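Below are the chains, spelled out letter by letter.
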Amino acid sequence: MHFTGTIWRPPYESGSLLLEVTAGCTHHRCKFCTLYDGLPFPFRMSPLEDIEADLQEAQLYQTGPLERLSLRMQGLDAPQGPRRAFLVGANPFVLKAERLGRIAELVRTYFPQSGSIGCFARITDIALKTDQELVRLAQAGYDGITIGVETGDGDALAFMDKGYAPEDILIQTRRLDEAGIGYHFFYLAGIAGAGRGRESAARSAEVFNQTHPRRIGSSMLTVFPESRLYQEILAGNWTEAGEREKLEEVRTLVEKLDIPVIFAALGASNAVNMEGRLPEARNVLISLLNGVISRYSESDLRRYREQLPHL
Ligand code: SF4
């Protein structure tokens, strides 16, 4: 398989076929981000021949004669292959609709039972597509795309150079709703800096409550010395929020979200992992967060953050 650098995927895509169609990020400007710094280029599109070769390899590995024999010897049914593909890269949804359509055809050729295709997407990637193209992508199987919106706080988005405003989140997700492409959000606690966490959460809830994400996955900001944000801190332009403040921010978000949505804080950036469906699990999640805030000191939580080698 052609895999370049560290492969990032959401926790809920663990059962999906990972297929590299891009590497890196077309934006490559968010001040806090070091995710793709290890690559020798900012962004690259995989040749279609490489994508097809990977699908052939995956087909052989997942549904080929050896796998069939192994399952038969265990008395199990013939292998079905993955039910979903996840396209790898920071924002494969930036690819032209025609190319995304061709990739979907290739996936279906090798894995006819595969029902849907996900990937990371930027809000600006959606803006590049016409309404008709979005409908065609939905028909081609694109669904459950993951958008790292980070926050609905316009000041934080602008400072971090995310490249879109809260209004764009509303406009573009409405277009996805109309086209029938489901989506998940990533939220980034701490993105607004010290003293602004709860405001950032409240502003985000105001925006998110007008959208229809299936999941909101919350991560916590970790500032790495290689980031542009670290230089801003050294220059005295930005101050990092404390760990307890970040937890209070997440609690505010959980309190203020009034849409039906799965809320999850999974992955290494969160010292404590949690998941539950809102509104039913609201009180449980809030109690859990209150418990962590009262039980652990700032220095305990900070120690956890400082030993993180990467997200
Ligand atoms: S869009 Fe995502 S991957 Fe690209 S720079 Fe921003 S945070 Fe990093």
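Residues numbered from 1 in each chain as written. Predicted model: local features only at pLDDT ≥ 70, side-chain atom pairs only at ≥ 80, totals over all residues.

Observations regarding helix α3 (residues 97–110)
Stage number 1. Here α3 is 14 residues long and its end C-alpha atoms lie 20 Å apart, about the 20 Å a rise of 1.5 Å per residue gives.
Stage number 2. Looking at α3, one finds that the buried residues are Leu100, Ile103, Ala104, Val107 and Tyr110. The buried residues of α3 occupy an angular sector of 135° when the element is viewed end-on, so they sit on one face. In α3, those exposed residues whose orientation departs by more than 90 degrees from the buried face are Glu98, Glu105 and Thr109.
Stage number 3. Where α3 is buried, its residues touch α1 (48–63), β4 (84–88), β5 (116–121) and α5 (131–139). (Helix = DSSP H or I, 4+ residues; strand = E, 2+ residues; numbered from the N terminus. Expected span 1.5 Å × (residues − 1). Buried ≥ 20, exposed ≤ 12 C-beta atoms within 10 Å, placed from the backbone. Arc of directions from axis to C-beta. Contact = placed C-beta atoms within 7 Å.)

A closer look at the pairing of strand β7 (residues 183–189)
Stage number 1. Of all seven residues that make up β7, six are buried, and the element is covered over most of its length.
Stage number 2. Pairing between strand β6 (residues 145–150) and β7: four bridges, direction parallel. Bridge pairing links glutamate 150 to tyrosine 187 in β7.
Stage number 3. Sheet analysis places β7 next to strand β8 (residues 215–220), joined by five bridges and oriented parallel. Residue pairing for β8: tyrosine 187 is matched across the bridge by serine 218. (Pairing = 2+ DSSP bridges.)

Things to note about the site of the ligand
Stage number 1. Near the ligand the following residues occur: Cys25, His27, His28, Arg29, Cys30, Cys33, Leu35, Tyr36, Ala90, Arg122 and Gly148.
Stage number 2. Classifying every residue of the shell around the ligand gives six nonpolar, three polar and two charged. (Near = placed C-beta within 6 Å. Nonpolar A, V, L, I, M, F, W, Y, C, P; charged D, E, K, R; others polar.)

Examining the domain arrangement of the protein chain
Stage number 1. Along its sequence, the protein chain is carved into domain 1 (1–142) and domain 2 (144–311).
Stage number 2. For domain 1 and domain 2, the distance between their C-alpha centroids amounts to 26 Å.
Stage number 3. Domain 1 puts 27 residues into the contact, and the matching count from domain 2 is 33 residues.
Stage number 4. Sorting the residues of the side of domain 1 that touches domain 2 by element identifies β5, α4 (123–127) and α5 as the ones contributing at least two each. (Domains from an automatic or database assignment.)

So, the packing of helix α8 (residues 197–208) against helix α10 (residues 243–256)
Stage number 1. For the pair α8 and α10, the least separation of the axes is 8 Å and the interaxial angle reads 25°. By the angle between their axes, α8 is roughly parallel relative to α10. The chirality of how α8 crosses α10 is right-handed. Taken together, the residues of α10 that come into contact with α8 (itself represented by Gly197, Arg198, Ser200, Ala201, Ala202, Ser204 and Ala205) are Glu245, Lys246, Glu248, Glu249, Thr252, Leu253 and Lys256.
Stage number 2. Of the residues in the contact of α8 with α10, the class split is four nonpolar, four polar and six charged. (Axes fitted to C-alpha atoms, helices over the stretch in contact; angles between N-to-C directions. Parallel < 35°, antiparallel > 145°, perpendicular 65-115°, else oblique. Left-handed = near helix turned anticlockwise from the far one by under 90°.)

Some words on the environment of tryptophan 238
Stage number 1. With respect to the helices and strands, the residue tryptophan 238 is situated in the loop between α9 (228–234) and α10.
Stage number 2. For tryptophan 238, a count of 19 C-beta atoms within 10 Å puts it in the partly exposed group.
Stage number 3. The sequence separation of tryptophan 238 and phenylalanine 159 amounts to 79 residues, and the corresponding C-alpha distance is 9.4 Å.
Stage number 4. In contact with tryptophan 238, not counting residues within four places along its chain, are Gly193, Leu229, Glu232 and Ile233.

Quick notes on the sheet that holds β4
Stage number 1. Overall, mixed pairing links the eight strands, which are arranged β1-β4-β5-β6-β7-β8-β9-β10 in an open sheet. Because the sheet does not close on itself, it has two edges, and the strands there are β1 (17–20) and β10 (274–278). When strand polarity is set aside, the average angle formed by the axes of neighbouring strands in this sheet is 25°.
Stage number 2. Pairing analysis gives three bridges linking β8 to strand β9 (residues 261–265), with the strands arranged parallel.

Here's the deal with the packing of α3 against α5
Stage number 1. Packing of α3 against α5 leaves a shortest axis separation of 10 Å and a crossing angle of 10°. Between α3 and α5, the angle is such that the two are roughly parallel. Contact with α3, carried on its side by Ala97, Leu100 and Gly101, involves Glu133, Arg136 and Leu137 of α5 and no other residues of that element.
Stage number 2. For the contact of α3 with α5, a count of residues per class yields three nonpolar, one polar and two charged.

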